[in-house]
Each structure stands twice: as structure tokens, then as C-alpha cells.
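Descriptive structure summary
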Amino acid sequence: MYDLIIIGAGPAGLYAATCAAMNKIKAAIIESSSEYGGQLTLYREKTIYDMPGFARINANDLANNLYLQYKEYEDEVPLYMNTQATGVEEHEHFYILHTNQGIFRTKTILLANGGGMFQPKKLEIPKAEKMINVHYFIKDTSILKDKDVVVLGGGDSAVDWALTLVGIAKSVTLVHRRHDFRAHQHNVEHARKKLNVMTPYVAKDVTGDFTASELILEHIETKELVAIKTDAILVFYGVSPVKSKMDQWLVDVKDNSIMVSPNMQTSRNGIYAVGNSVFYEGKLRMIVTALGEAATAIGAITKFFYPEKTLTYKH
Ligand SMILES: Cc1cc2nc3c(=O)[nH]c(=O)nc-3n(C[C@H](O)[C@H](O)[C@H](O)COP(=O)(O)OP(=O)(O)OC[C@H]3O[C@@H](n4cnc5c(N)ncnc54)[C@H](O)[C@@H]3O)c2cc1C
């Protein structure tokens, strides 16, 4: 039984997880997509000018910094990726949170689910949907041992995974539609030395029935087609948002936003909400307010469990 489950690993959820760990709350965080950072992943290259303490910071770097700060505590507060909360059941003194990966029992819940859920962008080849060796996330790299693997995408996830698989897979081919990658240049240079990098190519078709055996690529400029043999295709095209309905959480909503009191408690005892999903008079949909609300909510949840505790700074 957890004391707290945090739904969403956007800025609000990641920072709430850090604060929960600092306050020694037995918590976990779940995220529906395979990437942390929430909306920051939609504008990775954009510069943010309104983060306190930074004259300017790139959204990708802010997402990574929030994650690295949380990662200091990942043993105390685990993060379950690809885990989508689907509904809440109230019991006496606890909740059962339903997810696509099973249930969590928890005494309190923090909704940090933002404007909606993020899901991996799919390969635009209808036939590929049924294929068991087309993956959008990998839980266990041993399934790729000694396999010919093709990784599709140009961001950090694609490049990092391709590099991770060197030495595990028999061969790794990284395919991207542009000559330039969005990923960290150091890792891109490393990838160009260590594995087969094909640019500018786009995936056009697959052969096979339920298992892809060949991937057909089209050269973006010459339109020439090439077929490469493969045992597994890993797709990292980023994520896209899916708007959530807020009325599934047993809490009062207004205009599809969750109503909260000044300590971020919803209309239901033990369920709190922060960030872009909430409404109160004067609410601003910004990162700085989402982070402040996360600290307020964790303060209130800490008081809920330890009414005697005086909240102080970490020394
Ligand atoms: C183009 C653009 C530019 C922006 N620029 C700025 C800026 O310069 N400065 C600024 O302050 N703000 C900016 N913002 C707004 C800022 O990004 C948001 O205010 C901030 O991301 C809100 O954080 P959040 O954690 O509340 O929600 P989100 O970032 O939306 O994160 C929510 C997370 O919850 C997950 N989730 C949702 N539902 C579920 C579920 N059922 N189960 C599990 N996980 C779930 C989602 O996948 C997501 O990862 C910008 C927004 C956009 C779109």
C-alpha cells in the first residue's frame, strides 16, 4: 500500500515526486507515455524565458534537469512509465487506482495529469499495427539479444536506445528522416561511429504477416527504396497529446478542469491536483505555478500523514 501515487511525470509530477521523497512519503509516480517532461516534450527546442533562476533555458534541458533532480530519489519513489491511470475506486481509508498495468492501492492521490495524456506517435504504416516485433517502448532489452534491430527517430530517445543496444543486439541500424539529429550531438557522433546510421530515410512499408521481417525505407531526396532485414523495429517518433476527461477522478470539475482549494486538495478527501489540470481563481497555466502547486500539495499531504511534523528545509 502506497501513501501517495502521483499521476503524470510532467514538470508538476516530477517535482512533486522529488518533494515527496524529501518529506519521506512512501510514494510512486506513474506516466502514460514512454517519456518524462509532459508538454515540455512538445517544444523541446524552444527557449523558456520565465523560469526563475534561468535567464533562458531550453525546454529539453529543463525536462532533463527536473528528471535528474528526481532521479536522486528514484529508489524511494519509483517511476512507472507506460502506465496509464484509467480510474479511481474509493474504499474506506484508501483508494484503488486502476491502470493499464494493473492496480495500485494508495492512501492519497496527486493528479498531475496536465492537459491530457501523452502517447507515443505511431509508425504511419497500418500493417505495422498488428506486428508483434514493432515496439514503442522496451521493458526488457534481453528480448533483443542477438537480433537485427532497426531504431527509427532522431531525438534523444532514439539515439540513446540505439547506443544502449550496441553489444546486446546483433546489429543496430538507426534511421532518421533528416541529416541532422535533434539528440545531443555528443551521442550522435558516438552513434555514427558505433552503428549503422541511415539518413535521410523514412519508413514506408514492412513485409511479413504478424512479424515484420523487412523494413522498406524511402530516401527522402532521391525517393529510392531500400529493404533492410530486421528482427525488431523500435519506433521513437516522440509523443502526441490526447485530451483527458477530468470527470473520471471522482472530483468536482469546472470546464474540464479540477477544482482545488488553496492547499491543492480537490473536492474529495485524499485526492489532490496540481498543474495544468486544475482550476482556481487566478490560475496561470505555467511551469512555475505548476512547480509551486506541487510543493504546496506535498506540504498538505505531509501534514495529512504527519500532522505534528514541522516542515523545514533540507539541510
Ligand atoms: C508550445 C508550448 C509552449 C509553452 N511555453 C511555456 C513557457 O515558455 N513557459 C511556461 O511557464 N510554460 C509554457 N508552456 C506551458 C507548460 O508547458 C505547462 O504549463 C506545463 O507543462 C504544465 O505541467 P504539468 O506537469 O501540469 O502538465 P503536463 O506538462 O501536461 O504533463 C502531464 C503529464 O501527465 C501524463 N498523464 C496525463 N494523463 C495521464 C494518465 N491518465 N495516466 C498517466 N499519466 C498521465 C502526461 O502524459 C504528461 O506527461 C508551454 C506550453 C506549450 C504547449
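Residues numbered from 1 in each chain as written. Predicted model: local features only at pLDDT ≥ 70, side-chain atom pairs only at ≥ 80, totals over all residues.

**Details of the domain arrangement of the protein chain**
- Domain annotation of the protein chain identifies domain 1 (2-119 + 240-305) and domain 2 (122-237).
- Inter-centroid distance (C-alpha atoms) of domain 1 to domain 2 is 32 Å.
- Tallying the contact residues gives five residues for domain 1 and four residues for domain 2. (Domains from an automatic or database assignment. Contact = placed C-beta atoms within 7 Å.)

**Some details on unusual backbone geometry**
- The step from threonine 199 to proline 200 runs through a cis peptide bond, and the omega angle for that step is -15 degrees.
- A positive phi angle is found at asparagine 82, which is not glycine, with a value near 55 degrees.
- With respect to the helices, strands and loops of the structure, asparagine 82 is situated in the loop between strand S5 (79-80) and strand S6 (85-91).
- On the basis of neighbour counts, which here come to 18 C-beta atoms within 10 Å, the residue asparagine 82 falls in the partly exposed class.
- The phi torsion at histidine 93 lies on the positive side, around 70 degrees, for a residue other than glycine.
- Residue placement: histidine 93 occurs in the loop between S6 and strand S7 (94-99). (Helix = DSSP H or I, 4+ residues; strand = E, 2+ residues; numbered from the N terminus. Buried ≥ 20, exposed ≤ 12 C-beta atoms within 10 Å, placed from the backbone.)

**Some thoughts on helix H3 (residues 156-165)**
- Summarising burial for H3: seven of the ten residues are buried, a large majority.
- Considered for burial, the residues of H3 that qualify are Asp156, Ser157, Ala158, Val159, Trp161, Ala162 and Leu165.
- Where H3 is buried, its residues touch strand S11 (148-152), strand S12 (171-175), helix H4 (185-194) and strand S17 (232-235).
- At the exit of H3 stands glycine 167, carrying a positive phi of roughly 95 degrees.

**Some remarks on the nonpolar core**
- Of all hydrophobic cores here, the largest spans 53 residues; its most connected members are Ile5, Ala16, Leu110, Val274 and Ala294.
- In terms of residue count, the dominant contributor to this core is helix H1 (residues 11-22) (eight residues).
- Aside from chain neighbours lying at most four places away, what touches valine 274 is Ala12, Ala16, Leu110, Ala112, Met264, Ala290, Glu293, Ala294 and Ala297.
- Leu144, Phe181, Ala183 and Val235 belong to the second-largest nonpolar core, a separate cluster that totals 30 residues. (Core = buried A, V, L, I, M, F, W, Y, C linked by C-beta atoms within 7 Å.)

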